[in-house]
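What follows is each chain in one-letter form.
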Amino acid sequence: MSPNKENGGRDWLPLGIVVLLALTLPYWFPLIGGYEGLDTKIMILALFALGFDLLLGYTGYLSFGHAAFFGVSAYATGLMLLHVTPEIIPAMIVAVVITVVLALAIGFMTLRRTGIYFAILTLAFAEMLYRAALSIFSDFTGGDNGLTGIPTPTLLGTPMHGLKVYYLAAVFAVVGFYVARRITRSPFGMMMRAIKSNQERLRYTGVNVAGYKLFTFVISATYAAVAGSLMVIYEPYVATVFLHWSTSGEVVIMSVIGGVGTLFGPMIGAAFMMYFENVASAEIGEQWLLILGLIFVGIVVFLPGGFVEGYRRLHRYLAGDRGEPGNPGSARENDTDRTRLTAATGEPDVPARHKRCLGPLRRRAGPAGRGHLRHRGDDPLHHRPQRRRQIDPGERHDRAPAARPRQRRVRRRAAARDAAVRHQPAGDRARIPDAGGLSRDVAARQRHHRRPRPP
Amino acid sequence: MPPVTLAPHLGFVLTILLVPLLLFAFGIALERGLIKRFYDRPHTDQILVTFGIALVIQETLKWIYGANALPFPLPSWGNGIVPMHEYLPFLEGFVAYPKWRLILTVVSFATVIALFVLLQFTRFGLIVRAGMRDAEILRFLGVNIQRRFAIVFGLGAGIAGIAGTFGGPVSSVYPGLGMAYLVPSFLVVVIGGMGSVPGAVLAAILLGMALSFSAEYSAIQQISVYLVAVVVLLVRPRGLLGQKGVLE
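Keep in mind it's a predicted model, so treat the numbers as computed, not measured. (Residues numbered from 1 in each chain as written. Chains lettered and ligands numbered in written order. Predicted model: local features only at pLDDT ≥ 70, side-chain atom pairs only at ≥ 80, totals over all residues.)

**Some words on the overall build of chain A**
Part 1 of the reasoning: Helices and strands together make up the secondary structure of chain A, namely 18 helices and 2 strands.
Part 2 of the reasoning: Put simply, chain A has 455 residues, and 40% of those count as buried.
Part 3 of the reasoning: In chain A, of all internal contacts separated by at least 6 residues, the share reaching a separation of at least 24 is 75%. (Helix = DSSP H or I, 4+ residues; strand = E, 2+ residues; numbered from the N terminus. Buried ≥ 20, exposed ≤ 12 C-beta atoms within 10 Å, placed from the backbone. Contact = placed C-beta atoms within 7 Å.)

See the structure below:
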């Protein structure tokens, strides 16, 4: 089931925006200073960042070696076009297959480690390939000069250049976005998020964690492979920098400034970065990379959700919810499951249950929002259940027990328990005094939610 | 970079003393201002923010000093060649050696030993090592672990300053120098095992050996470092002398 079914029509909004942008970009992009071809590059790198986000944003693995897949695929495509046929379909297929095999090998070795070790290991593999391309394989790869002399690629006989390449890349970007959304909303996507939040626990429940991780890694590498392949079709030349770690660094920066774990964010981040690098840098001059670095650090420190988080905060602010405290970084850590689920799908992270309560309140309070609320605790948006010590099982656990004489509590015990149980919404119960009260469809629901088979 | 500007004015000796101190102060300021907010965040965020800072520093240097390599001449007392084969005639094949490289080796060993003593045999070191394991418990015990972490971060920056001042004349000095050394030094730490000074020394020697021995086959020389790194980490995922529980 889609996690934000209640959101109805807005669910399709990001996809609609992506399609619209992809269709119209070449027509208005020159108006804001973009040169011809930059739009194609944006689409290609958006696809690259999208795949990267599947890995970093959903399973939490920070790879500093994604350039390996991008570059290897680019070289494979280039060599196919140069030596076999200028037709792009076989070239792309071969490139993707080679990259998938490579990703299986690298993923198998690196995914056992997490955090810094994983980042370093992937970096080491990517650097190894980069050095190898420059030394051992320089006869094939053209060494420092890159792979040159590639003929104009063709698609079923039609030479690919200009707008045709753009729409090829745009189709891949849109399809990639759609597929990525489907993946993250599937039970498989749930597994990815579970890996991010607690891998160990997931393993103890009997899930084949390694399989899920490897599969995610391969999917992510496939996106990188398609992007790398398209890059060569866009510009029939393979630069050595495609394999260099700075390409990995670039995709990291794109994803982070756009908003990790949002799919839409990294695509925006890619567009922003390309625009900044190629257009805005003309205005700023030499220091554009310095300013980009400052933006990057600022976003990591103050806005860990990137542009998407910034948009959401703005949206919330304009909607009149001024009191939202805390920074998203800590919220992300604390109530992982709920916030993550919603953040991933573009829904403002207010649990549905609270939103339902909010309706009547809003209406009563008028456009000013919640000015009438006297205490923070009255506000459903601020409802943060805190566990209290329960003296008896029927007592509420999320509110301080009312002060009352000791003897009377003993007498009122049974009545208090019944009242508490009756008034609490399901799921808010700390202990269920009478387990027989569970309805029969709980079992049915559990059967329905049974975990999917590992790939 | 700053040593290059300072050295002609202050003389090399004063620069050697001043630069690590400056960087120590810079490191502490950085830790207090920025890094300390990241102790509670996931490791990936820590990598990201330090990567960003490195990028910013590199670009600032490029802005100030330009992208070209700067000359960093040896001090007069560091020039020359030591005829090692005359001092140690019983060792076959020992040749004349540049004096500066010997100084570099001595300084490097002295720094490592000093650091090891500091971490292993002082009260400060004890607290820091305990803090690596479980900072929270230490805080409950009334230790100001935050201050220790700041000092350690500053020490890291200061030692990098020593390395830069002494290593500058050997390699050329340009803004990308930091990034060029970042990956190998990171590999050294990870291979040696995080939180282990002897491990880092061992790893550095191992990587240096790998580089030197593969020098004959220039094609694989560049790869050898990464190859060693990958093999070590696959066999011993925590690094050569890494201990359980550090940074996991």
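Next comes the rest of the description.
**Brief notes about helix α10 (residues 197-213) of chain B**
All names here are of chain B.
Part 1 of the reasoning: An ideal rise of 1.5 Å per residue puts 24 Å on 17 residues; α10 measures up with 24 Å between its terminal C-alpha atoms.
Part 2 of the reasoning: The set of residues buried in α10 consists of Gly199, Ala200, Ala203 and Leu207. Within α10, the buried residues cover an arc of 95 degrees as seen down the axis, which keeps them to one side. The outward face of α10, more than 90 degrees from its buried face, is lined by the exposed residues Ile205, Met209, Ser212 and Phe213. (Expected span 1.5 Å × (residues − 1). Arc of directions from axis to C-beta.)

**Description of the interface of chain A and chain B**
Part 1 of the reasoning: Contacts between the two partners involve 34 residues from chain A and, on the opposite side, 33 residues from chain B.
Part 2 of the reasoning: Of all the secondary structure elements, the ones that give two or more residues to the side of chain A that touches chain B are α5 (115-134), α10 (245-258) and α12 (288-302) of chain A.
Part 3 of the reasoning: The element that contributes the greatest number of residues to the side of chain A that touches chain B is α5(A), accounting for 13 residues.
Part 4 of the reasoning: Residue classes in the side of chain A that touches chain B are distributed as 22 nonpolar, 7 polar and 5 charged. (Nonpolar A, V, L, I, M, F, W, Y, C, P; charged D, E, K, R; others polar.)

**Focus: the packing of helix α2 (residues 38-59) of chain A against helix α7 (residues 163-185) of chain A**
Residue and element names in this part refer to chain A.
Part 1 of the reasoning: One way to put it is that α2 packs onto α7 with a least axis distance of 8 Å and a crossing angle of 15 degrees. The orientation of α2 with respect to α7, classified from their angle, is roughly parallel. In this structure, α2 crosses over α7, and the sense of that crossing is left-handed. Together, Asp39, Thr40, Met43, Ile44, Ala46, Leu47, Leu50, Leu54 and Tyr58 of α2 and Val165, Tyr166, Ala169, Ala170, Phe172, Ala173, Gly176, Phe177, Ala180, Ile183 and Thr184 of α7 make up the contact between the two elements.
Part 2 of the reasoning: Residues of the contact of α2 with α7, tallied by class, amount to 16 nonpolar, 3 polar and 1 charged. (Axes fitted to C-alpha atoms, helices over the stretch in contact; angles between N-to-C directions. Parallel < 35°, antiparallel > 145°, perpendicular 65-115°, else oblique. Left-handed = near helix turned anticlockwise from the far one by under 90°.)

**Focus: helix α9 (residues 177-192) of chain B**
Residue and element names in this part refer to chain B.
Part 1 of the reasoning: Helix length check: α9, at 16 residues, gives a terminal C-alpha distance of 23 Å against a target of 22 Å (1.5 Å per residue), a fit within 8%.
Part 2 of the reasoning: Maximum bend of α9: about 25 degrees, positioned at Val183, with proline Pro184 one to four residues after it.
Part 3 of the reasoning: Gly193 lies just past α9 and shows a positive phi near 105 degrees. (Bend = angle between axes of the 7 residues up to and from the residue.)

**Thoughts on the confidence of the model for chain B**
Residues and elements named next belong to chain B.
Part 1 of the reasoning: This prediction gives chain B a mean pLDDT of 80; 88% of its residues lie at or above 70.
Part 2 of the reasoning: For chain B, helix α1 (residues 2-10) is the element with the lowest average pLDDT, namely 59, and helix α5 (residues 99-121) is the one with the highest, namely 88.
Part 3 of the reasoning: For this predicted complex, the interface score ipTM comes out at 0.78, alongside a pTM of 0.72. (pLDDT = per-residue confidence, 0-100.)

**Digging into unusual backbone geometry**
Residues and elements named next belong to chain A.
Part 1 of the reasoning: In this structure, Leu263 takes a positive phi of about 65 degrees despite not being glycine.
Part 2 of the reasoning: Relative to the helices and strands, Leu263 resides in the loop between α10 and α11 (264-284).
Part 3 of the reasoning: Residue Leu263 is classed as buried on the basis of its 28 C-beta neighbours within 10 Å.

**Quick word on the packing of helix α2 (residues 12-33) of chain B against helix α8 (residues 145-167) of chain B**
Residues and elements named next belong to chain B.
Part 1 of the reasoning: Where α2 meets α8, the closest approach of the two axes is 7 Å, and the angle between their N-to-C directions is 145 degrees. In this structure, α2 meets α8 at a crossing whose hand is right-handed. Of α8, the residues touching α2 (which contributes Thr15, Ile16, Val19, Pro20, Leu21, Leu23, Phe24, Phe26, Gly27, Ile28, Glu31 and Arg32) are Phe149, Ala150, Phe153, Gly154, Leu155, Gly156, Ala157, Gly158, Ala160, Gly161, Ile162 and Thr165.
Part 2 of the reasoning: Grouping the amino acids of the contact of α2 with α8 by side-chain chemistry returns 15 nonpolar, 7 polar and 2 charged.

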